[in-house]
Amino acid sequence: MNPRFKVVDHPLVRHKLTAMRRRDTPTPEFRRLLREVALLLGYEVTRDLPTATARIETPLEPMEAPVLAGPEPCLISILRAGNGLVDGLLDLIPTAKVGHIGLYRDPKTLQAVEYYFKMPFDIAQRHTIVADPMLATANSAIAAIERLKELKPLSLRFVCLVAAPEGVRAFGEAHPDVPIYAAGLDRELNDHGYILPGLGDAGDRLYGTR
Ligand code: PRP
Ligand code: URA
């Protein structure tokens, strides 16, 4: 298994992920839960972001206090479903910049096809967090990270909700330098590249498209 893979194991994360997996959880609740889990995952994903100190005034006296070292991190959404995670991460780091990469899986080959790419112009000066709820074959995540490495950000982290063992392995072989944070590690992929037991198609569940 990929040594840089970490399951964020917390009772609230486990509970909320279970609610998201339920077939009858409606779209508005799924969306709210994804945002909430993103906050909890975000706590771990951002743990090693560098800090600096700033001179501030409390009501009582001046002090040197810790702040995130600038410039602010860049959150990157793998469209569509990555937006659900990024919304929660933005609650945590409202000043973050946001990049988008549009990828869809060809249903026959399961290869990722890129249709959109827009990043902050100064991404090379930023730590980045790439978000997509599902790491199945990992073809999408691997392609996204490959593309981003061309732009040389300060660092890359990948955060997802559910990972398949096949995807964790493939991602680790392609990008051994990039840590993965997940809410859960599932059993396997089915013949169509869907995660079992999983939660279905994350984009469809988030936006009610099926
Ligand atoms: C889903 C998901 C990931 C990808 C994961 O997106 O959000 O991006 O599949 O699968 P992989 O690890 O095998 O590449 P999808 O291609 O369905 O696009 P969508 O978000 O627009 O629905
Ligand atoms: N993409 C999804 O949205 N769900 C899966 O189970 C696999 C890929």
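Up top is the structure.
**Concerning the nonpolar core**
With 34 residues, the main nonpolar core has M20, V159, L161 and L199 as its most contacted residues. Mapped by element, the contributors of at least two residues to this core are α1 (11–21), α2 (27–45), α3 (82–92), β7 (127–131) and α6 (202–207). Residue contributions to this core peak at 7 residues, all from α2. Not counting residues up to four positions away in its chain, the partners in contact with L161 are L17, M20, L34, V37, D132, P133, A182, A183, G184 and L199. Ranked by size, the runner-up nonpolar core spans 25 residues in total, among them F5, C74, I101 and V168.

**Some remarks on the sheet that holds strand β10 (residues 162–163)**
The 3 strands are arranged β8-β10-β12 in an open sheet whose pairing can be described as parallel. Two strands in the sheet have a free side with no partner beyond their single neighbour: β8 (134–135) and β12 (184–185).

**Comments concerning the packing of aromatic side chains**
Taken as a whole and assessed by the stated rule, the structure comprises 2 aromatic pairs. Aromatic side chains F158 and F171 sit 5.4 Å apart centroid to centroid with 35 degrees between the ring planes, which places their arrangement in the tilted category. Residue F158 is found in strand β9 (residues 155–159), and its partner F171 is found in helix α5 (residues 165–174); the two are separated by 13 residues along the sequence. Accessibility assignment for this pair places F158 and F171 in one class, buried. Stacked on the ring of F117, the Lys or Arg R147 has its end atom at 3.9 Å from the ring centre.

**Some thoughts on the pattern of salt bridges**
Evaluation of the coordinates by the stated rule reveals 18 salt bridges. Residues E44 and R47 are paired through a salt bridge, measuring 2.9 Å at the closest nitrogen-oxygen approach. In this structure, D204 and R210 form a salt bridge, with 3.9 Å as the shortest nitrogen-oxygen distance. Each of K16, E29, R32 and E36 takes part in salt bridges that share partners, so that together they form one network.

**Focus on the site of ligand 1**
Neighbouring residues of ligand 1: 15 residues in total, closest R105, D132, T137, A138 and S140. Between ligand 1 and A81 there is a distance of 3.5 Å, counted from an oxygen atom to a backbone nitrogen or oxygen. Between ligand 1 and T137 there is a distance of 2.5 Å, counted from an oxygen atom to a side-chain nitrogen or oxygen. For the shell around ligand 1, the secondary structure elements donating two or more residues are β5 (97–105), β8 and α4 (139–149). The element contributing the most residues to the shell around ligand 1 is β5, with 3 residues. Residues belonging to the shell around ligand 1 are distributed by class as follows: 8 nonpolar, 3 polar and 4 charged.

**Notes on the sheet that holds strand β6 (residues 112–118)**
Spatially, β1-β11-β9-β7-β4-β5-β6 is the arrangement adopted by the 7 strands of the open sheet, whose pairing is mixed. This sheet does not close on itself; its edge strands, each paired only once, are β1 (5–7) and β6. The sheet shows a mean angle of 20 degrees between the axes of neighbouring strands, taken without regard to direction. For β7 and β9, the ladder comprises 5 bridges, and the chain directions are parallel. By the bridge assignment for β9, T128 is matched with L156.

**Quick look at unusual backbone geometry**
Looking along the chain, the bond that leaves L79 and enters R80 is cis, with omega of 0 degrees. Structurally, the position occupied by R80 is in the loop between β4 (74–79) and α3. Omega for the bond connecting L196 with P197 falls within 30 degrees of zero, at -5 degrees, which places this linkage in the cis form. With respect to the helices, strands and loops of the structure, P197 is situated in the loop between β14 (195–196) and α6. Phi angles above zero are rare outside glycine, and K152 is one such case at about 55 degrees. Here K152 lies in the loop between α4 and β9. Exposure remark for K152: the relative accessible area of 62% places this residue in the exposed category.

Basis of the calculations
- Residues numbered from 1 in each chain as written.
- Chains lettered and ligands numbered in written order.
- Predicted model: local features only at pLDDT ≥ 70, side-chain atom pairs only at ≥ 80, totals over all residues.
- Heavy atoms only, no water.
- Core = buried A, V, L, I, M, F, W, Y, C linked by side-chain atoms within 4.5 Å.
- Buried < 20%, exposed > 50% of the residue type's maximum accessible area, 1.4 Å probe, protein only.
- Helix = DSSP H or I, 4+ residues; strand = E, 2+ residues; numbered from the N terminus.
- Contact = heavy atoms within 4.5 Å.
- Pairing = 2+ DSSP bridges.
- Phe/Tyr/Trp six-rings, centres within 6.5 Å; stacked < 30°, edge-to-face > 60°.
- Lys NZ or Arg CZ within 6 Å of the ring centre and 35° of its normal.
- Salt bridge = Lys/Arg side-chain N within 4 Å of Asp/Glu carboxyl O.
- Near = heavy atom within 4 Å.
- Polar contact = N/O pair within 3.5 Å; in protein donor to acceptor, adjacent residues only side chain to side chain.
- Nonpolar A, V, L, I, M, F, W, Y, C, P; charged D, E, K, R; others polar.
- Axes fitted to C-alpha atoms, helices over the stretch in contact; angles between N-to-C directions.

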